[in-house]
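So the chains spell out like this:
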Amino acid sequence: ASSDGIARISTAASGEFAQLQFVNSCGCYWYQTIATDCSLRFYNGDDRVTFAADGKIGITTNSAPAELLTVYCTAACDTALAVYNSNTSSSSKASIKVGNDNSNHLHIYRQGNLANIFYDARQSGSSHQFQIESTGVATINSGFFGIGTVSNSGFGGSCQQVIINGAANARLEFGIGGSQLGGLFSTADYLALYTSGNDYLSFQTCGTERVRILSDG
């Protein structure tokens, strides 16, 4: 104890930790300690929760957390983070928000008991971009879905668009049961509409076939 009315547990030994232990009659215990890196650690057989000196939090890791919240899952763990809401009303959400503030963020949520997952970019001019190794491979913007491009600039203005952009060629394929049936293929010189194998190409209007091109031409 100290003279200023503050209870204190301390140690002056180098490399030793001051500890507060909680032990039940079965010998099960938790203890909290201040480590040499000034982090506050809750321990039960291993570090369970770590509060770093800079305010970052690590769960089930004994390494200094690099992010504001680090959740480490072992090989036996199936889920590292779960967000649930037992209220199934349409106004209720199980959600995560990522962004600057309540007006500018990405809101990922499931609404009530609906099976849909919503990705809501709550900022003017925002878009969804999916990246692999820091390279944008698909982009969803207002009225625009792009594969291999992050912008619809140069693709015909502001109309509703689905764009597939390749470095040398681009392809849109159709298949059934894992087998390719045909598609659209483009290079810098031409655009091809094609079928695969012995399939024929059919042109229809109002559900009625008007022209058929067989596989032999």
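Residues numbered from 1 in each chain as written. Predicted model: local features only at pLDDT ≥ 70, side-chain atom pairs only at ≥ 80, totals over all residues. Heavy atoms only, no water.

> Before we move on, could you go through the side chain of His105 and cite the residues and values that matter?
Counting through the fold element by element, His105 comes out in strand β8 (residues 105–111). Taking relative accessible area as the criterion, His105 reaches 7% and is therefore assigned buried. Engagement of the side chain of His105 in a polar contact is seen with the backbone oxygen of Asp101, the distance being 3.0 Å. Polar side-chain contacts of His105 include one of 3.1 Å to the backbone oxygen of Asn102. Setting aside anything within four residues of it in sequence, one finds His105 in contact with Lys97, Val98, Gly99, Asp120, Ala121 and Arg122. (Helix = DSSP H or I, 4+ residues; strand = E, 2+ residues; numbered from the N terminus. Buried < 20%, exposed > 50% of the residue type's maximum accessible area, 1.4 Å probe, protein only. Polar contact = N/O pair within 3.5 Å; in protein donor to acceptor, adjacent residues only side chain to side chain. Contact = heavy atoms within 4.5 Å.)

> With reference to specific residues and values, describe the sheet that holds strand β4 (residues 47–51).
Within a sheet, each strand pairs with its neighbour through backbone hydrogen bonds, oriented either parallel or antiparallel. On the basis of which strands lie adjacent, the open sheet formed by six strands has the order β1-β2-β3-β4-β5-β6 and mixed pairing. Across the chains shown, the open sheet's two edge strands, defined by having one partner strand only, are β1 (19–23) and β6 (69–71). Across the sheet, the axes of successive neighbouring strands diverge by a mean angle of 10°, strand direction being ignored. Pairing of β1 with strand β2 (residues 29–34), which is carried by five bridges, proceeds in the antiparallel orientation. Looking at the pairing, Gln19 lines up with Thr33 of β2. (Pairing = 2+ DSSP bridges. Axes fitted to C-alpha atoms, helices over the stretch in contact; angles between N-to-C directions.)

> Please provide a residue-by-residue account of the packing of aromatic side chains, values included.
Applying the stated rule across the entire model yields three aromatic pairs. Each ring, one from Phe42 and one from Phe51, has its centre 6.1 Å from the other, and the planes form 75°; the classification is edge-to-face. Relative to Phe118, the ring of Tyr109 lies with its centre 5.0 Å away and its plane at 15°, an arrangement referred to as stacked. Residue classification places Tyr109 among the buried positions, given a relative accessible area of 12%. You can call Phe118 partly exposed: its relative accessible area is 27%. Above the plane of the ring of Tyr109 lies Lys93, whose end atom (NZ or CZ) is 5.1 Å from the centre. Over the ring of Tyr200 we find Arg212; its NZ or CZ atom is 3.8 Å from the centre of that ring. (Phe/Tyr/Trp six-rings, centres within 6.5 Å; stacked < 30°, edge-to-face > 60°. Lys NZ or Arg CZ within 6 Å of the ring centre and 35° of its normal.)

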